[in-house]
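What follows is each chain in one-letter form.
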Amino acid sequence: MIPHETQHAIPSYLSKDHIGAWGIFLQQVERVTPYLGELGYWVESLKRPKRILIVDVPIKMDNGTVVHYEGYRVQHNTSRGPGKGGVRFHQDVTLSEVMALSAWMTVKNAAIGVPFGGAKGGVRCDPRDLSMAELERVTRRYTSEIGFIIGPDKDIPAPDVNTNERIMAWMMDTYSVNQGRTSTGVVTGKPVSLGGSLGRHDATGRGVFVVGRAAAEKLNLAIRGARVCVQGFGNVGTSVARCFHNAGARITTVQDVSGTIHNDRGLDIDALVGLQASGEPITALREAETIENDNFWDVPSEFLIPAALEQQITERNAGRIQTRILLEGANGPTTPEADDILNDRGVLVVPDVLANAGGVTVSYFEWVQDFSSFFWSEEEINRRLDGIMADAFATIWETSRREKVSLRTATFIVACKRVLEARQLRGLYP
Ligand code: GLU
């Protein structure tokens, strides 16, 4: 095999020692490399994002002062199609994190077979500190700054942590105004009245449930009566809790930024959603006891669903977790060390890049519908979503049994082979 000239020239910020989520992704790539065969020749291209854009986002605040936020858009890989991935607004967003999230999008999109590369964006701001008008200005300025690298056939943003339909509508409008024409396909996760798709709002949670059910079948585990713990009660946490609740499971424990609540008989999910809608903390729920946040990890369950941020399950708490199936609704919730501990303890980990792919699957449907200006029914969307998720799970399950590897490594095998095959077929230019 002819070595790559570039193999010795790893920029410092891409090194394995770089602290943060990107380091985790590099470790995951290292784990899959022995399974890539001849395609391993191209693996170096996964270890460096194709394009990184760092932008200044200056905003006039309501009180007249000017504040500068850091914004990022990273296109990790576009071998299989345009970049695709969300935008998060969070005070702790870093370049390393956005790089890792963009790379996980590459893997996720390839794993489920949607024709996209991987990208991600972020603005380092705390939306809770912003008025609605300030939030709009942050969104519009950020969109304008990254405007020259996004587009329906270049890179298509979508919602992620702390971003939603409202923000997607502003992004679509800003991009369209700058282009001089309405371009609905530039973002997904839009309101339905602006070219959004039915089913997109709950798609990620629904997909988590569908693969969770498929995994449970493999373990002969019944959903009815199963105990479910959910960390995070945002878009993904609420939708997945509702799906499990509707299927007869008991959501015994929920944690969000306001605290952790528990009821062994099952929490009242409708009441919880109602509390949230009226701006009250989940800890205000009646018929639930509040427990210490750290004790969340000790609660016995059949399903544990992290649906918040990265690196929640580490070597520090992995040994305490008492569950059968860890279903990753969040991106990057489990470190490689924790992965090993959980695997050794017989916990089945269904990885983020498979489990939470329902969101981008329906984003793909939205993008297709926008191109054709022909919109599908919710039944049609859910049927196709369930089919794609179940097929992806079956392929990855079969790979994990054949290669005797975890579901995460199996997902990386399936996905990285697809990405690198495209890379090889396209060839190097010039
Ligand atoms: N932010 C979501 C994710 O992490 C959805 C991305 C999309 O729809 O493009 O998968």
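All of these numbers come straight from a predicted model, not from anything done at the bench. (Residues numbered from 1 in each chain as written. Predicted model: local features only at pLDDT ≥ 70, side-chain atom pairs only at ≥ 80, totals over all residues. Heavy atoms only, no water.)

Participant: Could you give me a rundown of the site of the ligand, with the residues and numbers involved?
Facilitator: Taken together, 14 residues surround the ligand, and among them Lys84, Lys108, Pro159, Asp160 and Ser363 come closest. The contact in question runs from a nitrogen atom of the ligand to an N or O atom on the backbone of Pro159, over 2.9 Å. In isolation the ligand exposes 300 Å². Once the protein is present, 95% of that is buried. It is helix α10 (residues 358–372) that provides the largest number of residues to the shell around the ligand, a total of three residues. For the shell around the ligand, the class distribution of residues is four nonpolar, five polar and five charged. (Near = heavy atom within 4 Å. Polar contact = N/O pair within 3.5 Å; in protein donor to acceptor, adjacent residues only side chain to side chain. Areas by Shrake-Rupley, 256 points an atom, 1.4 Å probe, with all protein chains shown as cover. Helix = DSSP H or I, 4+ residues; strand = E, 2+ residues; numbered from the N terminus. Nonpolar A, V, L, I, M, F, W, Y, C, P; charged D, E, K, R; others polar.)

Participant: Residues and numbers for the pairing of strand β1 (residues 51–60), please.
Facilitator: Of the strand pairs in this sheet, β1 and strand β2 (residues 66–77) are connected by 10 bridges, and their pairing is antiparallel. By the bridge assignment, Ile59 is partnered in β2 with Val67. Taking the residues that link successive antiparallel strands as the turn, the β1-β2 hairpin has five residues, and the phi of Gly64 there is positive, at about 95°. (Pairing = 2+ DSSP bridges.)

Participant: Explain the pattern of salt bridges to me, and be specific about the residues and the numbers.
Facilitator: Close approach of charged atoms allows side chains of opposite charge to pair. Inspection of the entire model under this criterion finds 28 salt bridges. One salt bridge connects Asp298 with Arg320, and the closest N-O pair in it is separated by 2.9 Å. Of this pair, Asp298 sits in the loop between β10 (289–291) and β11 (303–306) while Arg320 sits in the loop between β11 and β12 (325–327), and the two are 22 residues apart along the sequence. For Asp298, a relative accessible area of 29% corresponds to the partly exposed category. Since its relative accessible area comes to 24%, Arg320 is described here as partly exposed. Each member of the salt-bridge network shares a partner with another, and the members are Arg88, Glu97, Lys120, Asp160 and Glu310. (Salt bridge = Lys/Arg side-chain N within 4 Å of Asp/Glu carboxyl O. Buried < 20%, exposed > 50% of the residue type's maximum accessible area, 1.4 Å probe, protein only.)

Participant: Please set out the sheet that holds strand β5 (residues 118–123) residue by residue, giving values where relevant.
Facilitator: Read from one edge to the other, the open sheet built from four strands follows the order β1-β2-β5-β4, with strand pairing classed as mixed. Both edges of this open sheet fall to β1 and β4 (87–89), since each of them pairs with a single strand only. For this sheet, the mean inter-axis angle between neighbouring strands, taken without regard to orientation, is 15°. Most of the contacts of helix α2 (residues 95–112) go to β5, to which it runs at about 150°, and overall it touches β1, β2, β4 and β5. Seen against the sheet, helix α3 (residues 132–146) touches β1, β2, β4 and β5 and runs at an angle of roughly 145° to β1. (Axes fitted to C-alpha atoms, helices over the stretch in contact; angles between N-to-C directions. Contact = heavy atoms within 4.5 Å.)

Participant: I'd like a description of the side chain of Thr139, backed by residues and values.
Facilitator: Turning to its location among the elements, Thr139 is positioned in helix α3. At 2.8 Å, the side chain of Thr139 and the backbone oxygen of Leu135 are in polar contact. When neighbours within four sequence positions are excluded, Thr139 is seen to be in contact with Phe89, Ile167, Trp170 and Met171.

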